[in-house]
Amino acid sequence: MTKTISRSIIATLIAIVIATSSLGIIMATNANAAGYDGTAQGNAALKAGVVEKTKDMNVLAKAYYFKAVGKAKQGYDWTYKATNNNIKVKCKYDFDTHKYTFKFTGTAKGSTKLTLQYKSNEKTWVKVPMTFKVDSHNNIKRVA
């Protein structure tokens, strides 16, 4: 009878040790997985080096901005020519300060050589050659 009680106590202790160890491993795995998911998802843009907007070259961003000054008879005039159609170009013009703000965003992966043209006065077109790269997430970078 003593051997049966001893074996029962030993078996119970082993079961408790195994259960405690398993619970610790499960909790550590869940905490580790949650920490990884949160970090990977929450900081994905930071890890890739993507910023919301930039005016600097060689910076990956959701949008690239280019500013210029000019005044034509009608206020402003601009156009562009590109080797690829994977970039969208928008312009805001401030009539008080006579400043152009061009916003470039990517629409598809690829490279584009683009010549932006805007009027600095009624007779003068300014041509600005640019080269952009767009990644698979439509982030844009001006490389030249």
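Here the structure is a predicted model, which means the values were calculated and not measured. (Residues numbered from 1 in each chain as written. Predicted model: local features only at pLDDT ≥ 70, side-chain atom pairs only at ≥ 80, totals over all residues. Heavy atoms only, no water.)

Enquirer: Sorry if this is basic, but what is going on with the nonpolar core here?
Expert: Most often, soluble globular proteins have nonpolar side chains that are buried together. Of all hydrophobic cores here, the largest spans 18 residues; its most connected members are F66, F102, F104, L116, M130 and F132. When residues of this core are traced back to their parent elements, those giving at least two are β2 (61–69), β4 (87–94), β5 (99–106), β6 (110–119) and β7 (125–134). Apart from the residues within four sequence positions on either side, F102 is in contact with Y64, Y65, F66, W78, V89, K90, C91, L116 and Y118. (Core = buried A, V, L, I, M, F, W, Y, C linked by side-chain atoms within 4.5 Å. Buried < 20%, exposed > 50% of the residue type's maximum accessible area, 1.4 Å probe, protein only. Helix = DSSP H or I, 4+ residues; strand = E, 2+ residues; numbered from the N terminus. Contact = heavy atoms within 4.5 Å.)

Enquirer: What am I meant to see in the side chain of R142 here?
Expert: Considering the arrangement of structural elements, one finds R142 in strand β8 (residues 140–142). As a buried residue without a salt bridge, R142 has its nearest oppositely charged side chain in D56, at a separation of 9.5 Å. Here the side chain of R142 touches A144 through a polar contact of 2.9 Å, landing on its backbone oxygen. Excluding its chain neighbours within four sequence positions, the residues that come into contact with R142 are M57, N58, Y64, F66, V128, P129, M130, T131 and F132. (Lys, Arg positive; Asp, Glu negative; His and termini not counted. Salt bridge = Lys/Arg side-chain N within 4 Å of Asp/Glu carboxyl O. Polar contact = N/O pair within 3.5 Å; in protein donor to acceptor, adjacent residues only side chain to side chain.)

Enquirer: Even after reading the chapter, I still don't get the environment of F66, so can you show me in this structure?
Expert: Assignment of secondary structure puts F66 in strand β2. Between the alpha carbons of F66 and T54 there is a distance of 8.8 Å; along the sequence they are 12 residues apart. Not counting residues within four places of it along the chain, the set of residues in contact with F66 comprises Y100, T101, F102, F104, L116, Y118, V128, M130 and R142.

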